[in-house]
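Structural overview for review
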Amino acid sequence: MLLRRGRLTVSELVRYLNASPVLASGQRTLQRSGCASKSSSKAFPLRVVQQALIVLIQHHCVLHSKPSVDALSGEEFFEINQEEVLYRLRFGTYLSLAHAWGGDDAQAIVRILLYHGQMRVADLLNALTCSNETQAPDANRIARLRALLVGMLQESVVRPSTPVQHVSPLDRQLTLEMSLRKSQKGVPTAKSLREVKAKVESIINEEDYRDWEGTSTGDDDGLRLGLVRKLPIDRNRDKRQKRRSNTDVSESCDDVDIDSDVWLRVHYDFFHVRMRNDIIVRAVSSRYNSMTSEIMHYMLETDRPSTVPCEKDERSRPISVSALAHRIPKDIRIQRGFDKRSIMAQYDTKRSATPSTSELLAEYVAVLTCNDNISSSVYSARFLAPCGSGTVSGATTGTRVASTFTVEYVNIIKQLQLDMVRDVVVDRFGSMAGRIFSILVEKGKLEEKHISKIGLISMGETRDICSRLFAASILSLQEVPKSNERNPQRTFFLWYVDVVQCKSWLQDQLYRTLIQLSRRRLYEQSQKTSLLRKSERTDVREDANSLLTDWERNELASLHAVEEAITVAEARVVRDTFLLQHFCR
């Protein structure tokens, strides 16, 4: 109902839910309108709606706020947080990444937080340790879990849950803008409105930053919200640890504990960064080789993620070749990514000498920055960009590479999104359509004759392909009349690619694919309902070999194989949807 009608109050939500349904023509209506109103009023009472809203708010799926206009009336509005709902598609990936980061305990913590939305630390530890009410909790396991929670909070795997996170961001922005405009006198100008928007953005960023670093401005402990210092045993030692913690947070991990009363929730952006990095590593592996992708993996690990959402990251922090060389394990032979003849050309006179790790890394940086390409199109296609004026020599003769570089996240994501759209265009409309799409993306707006000339395609085929792509909302048409008469014979018709529209089209197709996959899963399960019910019995689970026939075991194995294939397909579609929906600009 909230998705269909937008933000509503509780009274409006109850009224719309209990409204009598409009039946289609040809169907029998309810017996009496009075009976209909009585039955509908009992369907969704006020208490049930309030409890449902509380559950949705706890899972951050519903935002609530009191607009400044209706502050006196006391009415509170509720709206759906669509991004939070779409995150449910990636919960399985979050659990897998949590297990890879911290093992079974980290995965169990993330699973419980995803199941409950948000929890107090005391309740979380109780749910993890007290499986039996009569059994006493293990003190060692509790201490180990508390230390793990401290690490997860410092590494941004989880984050504190505060009341400001349940308020709509648009309401926060409008409320602050209205309060700042009231403080100004006279008619607001365009310059003053821009200043107000900039000030509001800085205030919101500061509030979001305080959600991480704590709400007390006078506190100089340097601890995030939810962390507390342990009681010091030696005051002199405590002072030394405090001075050391100002420069390195990891030095004070032993003296930091988790607050038992703080509410925690899963920080989705931590997993989004790792999903983005995995996509980038796969792209490097497909373009170059596996060793280059492994070097790219260490580059992405060197860039420490911040509290800012990853979709706002245009590029990484500057990374130096010397700092990257210290992160490469000594047992990895990074020279396998190059041809041995090109690397050892300058070492023929000294057979005992070999290129150092820094020289080999500089060569990888030269490849990923497209150092040998001087065209203007390289700026939007390279993975890395030089940063700073310092240079370092590479493994080949005469190669000078910037000693500091940055990972260009925006360029990589845009190129991957365009490659996804182009692959779908080639799959549905043919290779000629993919060629036309690539030409229009690179050149911009063109006429049919120019497309035909550049793509080496006949005019008739060009017109037919452009018409079909236009009908599929992939290409758009721009009319440029030569005069004010707008005569079609004296008008230029330019074809171009609307990138935002193409991404929306592909995203819609991917969501349709997810719907079809879920329907196929339900259809396969409905065909073997009795067999599934029998296999879920307790006695069959304990001894399936004797209680199931050979035919039943084979049918159950084939069903599991089909479900596994559907799950793999869903995971791939969810990954593509994440790349399109989360990084749309």
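Scope of this entry: the structure provided in the associated data block. If you're wondering where the values come from, they're calculated on a predicted model, not measured in any experiment.

Calculation criteria
- Residues numbered from 1 in each chain as written.
- Predicted model: local features only at pLDDT ≥ 70, side-chain atom pairs only at ≥ 80, totals over all residues.
- Heavy atoms only, no water.
- Salt bridge = Lys/Arg side-chain N within 4 Å of Asp/Glu carboxyl O.
- Helix = DSSP H or I, 4+ residues; strand = E, 2+ residues; numbered from the N terminus.
- Buried < 20%, exposed > 50% of the residue type's maximum accessible area, 1.4 Å probe, protein only.
- Contact = heavy atoms within 4.5 Å.
- Pairing = 2+ DSSP bridges.
- Axes fitted to C-alpha atoms, helices over the stretch in contact; angles between N-to-C directions.
- Left-handed = near helix turned anticlockwise from the far one by under 90°.
- Nonpolar A, V, L, I, M, F, W, Y, C, P; charged D, E, K, R; others polar.
- Expected span 1.5 Å × (residues − 1).
- Polar contact = N/O pair within 3.5 Å; in protein donor to acceptor, adjacent residues only side chain to side chain.
- Patch = residues over 30% accessible without salt bridge, like charges linked within 9 Å, V, L, I, M, F, W, Y side chains within 5 Å.
- Areas by Shrake-Rupley, 256 points an atom, 1.4 Å probe, with all protein chains shown as cover.
- Phe/Tyr/Trp six-rings, centres within 6.5 Å; stacked < 30°, edge-to-face > 60°.
- Lys NZ or Arg CZ within 6 Å of the ring centre and 35° of its normal.

Comments concerning the pattern of salt bridges
- For the structure on display, the rule yields 25 salt bridges.
- With a shortest N-O distance of 3.5 Å, Asp 464 and Arg 468 are connected by a salt bridge. Highlighted residues: Asp 464 and Arg 468, both in helix α20 (residues 459–471), separated by 4 residues, approximately one helical turn.
- In this structure Asp 464 comes out as partly exposed when scored by relative accessible area, which is 42%.
- With a closest N to O distance of 3.0 Å, Lys 528 and Glu 555 form a salt bridge.

Observations regarding the side chain of Glu 563
- Assignment of secondary structure puts Glu 563 in helix α25 (residues 550–581).
- Excluding anything up to four places from it in sequence, Glu 563 contacts Arg 521 and Gln 525.

Brief notes about the sheet that holds strand β4 (residues 158–160)
- Judged by pairing direction, the sheet is antiparallel, and its 3 strands sit side by side in the order β3-β7-β4 without closing on themselves. Where the open sheet ends on each side, the last strands, each with one partner, are β3 (119–120) and β4.
- As paired strands, β4 and strand β7 (residues 263–266) are joined by 3 bridges and run antiparallel to one another. Each residue of the ladder has a partner; that of Val 158, found in β7, is Val 266.
- Where helix α6 (residues 91–116) meets the sheet, its contacts fall on β3, β4 and β7, and the angle it forms with β7 comes to roughly 100 degrees.

Here's the deal with the packing of α6 against helix α12 (residues 268–287)
- Put simply, α6 and α12 touch, their axes get as near as 12 Å, and they point 145 degrees apart. Between α6 and α12 lies a crossing whose hand is left-handed. Residues Phe 91, Thr 93, Tyr 94, Leu 97, Ala 98, Trp 101, Val 110 and Leu 114 of α6 lie in contact with α12, whose contacting residues are Tyr 268, Phe 270, Phe 271, His 272, Arg 274 and Met 275.
- Of the residues that constitute the contact of α6 with α12, the class distribution is 11 nonpolar, 2 polar and 1 charged.

Considerations on helix α13 (residues 290–302)
- In this model, α13 (13 residues) spans 19 Å end to end at C-alpha, consistent with the 18 Å of a helix rising 1.5 Å per residue.
- Inspection of α13 places Met 291, Thr 292, Ser 293, Ile 295, Met 296, Tyr 298, Met 299 and Leu 300 among the buried residues, and these make up the whole buried set.
- For α13, the N-terminal capping position is held by Asn 289, with its side-chain oxygen 3.4 Å away from the main-chain nitrogen of Met 291.

A short note on a nonpolar patch on the surface
- There is a patch of nonpolar side chains on the surface, built from Phe 470, Leu 477 and Phe 493 and spanning about 240 Å² of accessible area.
- Within the secondary structure layout, Phe 493 lies in strand β14 (residues 491–497).
- You can call Phe 493 partly exposed: its relative accessible area is 32%.

As for helix α17 (residues 409–429)
- Between the first and last C-alpha of α17 there are 30 Å, a value that for 21 residues agrees with the 30 Å anticipated at 1.5 Å per step.
- For α17, the complete set of buried residues consists of Tyr 409, Val 410, Asn 411, Ile 412, Ile 413, Leu 416, Gln 417, Met 420, Val 421, Val 425 and Phe 429.
- Following α17 by one or two positions, Gly 430 has its phi on the positive side, about 105 degrees.

As for the environment of Val 365
- When you line up the elements, Val 365 lands in helix α16 (residues 357–368).
- Take Val 365: its relative accessible area is 1%, and that puts it in the buried class.
- Here the alpha-carbon distance between Val 365 and Ser 403, two residues 38 residues apart in the chain, equals 9.0 Å.
- For Val 365, the contacting residues outside a window of four places in its chain are Met 299, Val 321, Leu 384, Val 401, Ala 402 and Phe 405.

Quick look at the packing of aromatic side chains
- A complete count under the given rule lists 9 aromatic pairs for this structure.
- Ring centres 4.8 Å apart and planes at 55 degrees place the aromatic pair Tyr 87 and Tyr 268 in the tilted group. Taken together, the residues Tyr 87 in the loop between α5 (82–86) and α6 and Tyr 268 in helix α12 connect sequence positions 181 residues apart.
- Taking relative accessible area as the criterion, Tyr 87 reaches 9% and is therefore assigned buried.
- Taken together, a centroid distance of 5.2 Å and an interplanar angle of 25 degrees make the contact between Tyr 94 and Phe 271 stacked. Taken together, the residues span a long stretch of sequence, with Tyr 94 in helix α6 and Phe 271 in helix α12 at a distance of 177 residues. Grouping residues by exposure puts Tyr 94 and Phe 271 together as buried.
- Within the aromatic cluster, the residues linked to one another by ring pairs are Tyr 87, Phe 91, Tyr 94, Trp 101, Tyr 268, Phe 270 and Phe 271.
- A cation over a ring is seen here: Arg 5 above Tyr 16, with NZ or CZ 3.9 Å from the ring centre.
- The ring of Tyr 409 is capped by Arg 276, whose NZ or CZ atom sits 3.8 Å from the centre of that ring.

Keep in mind these numbers describe shape, not what the thing actually does.
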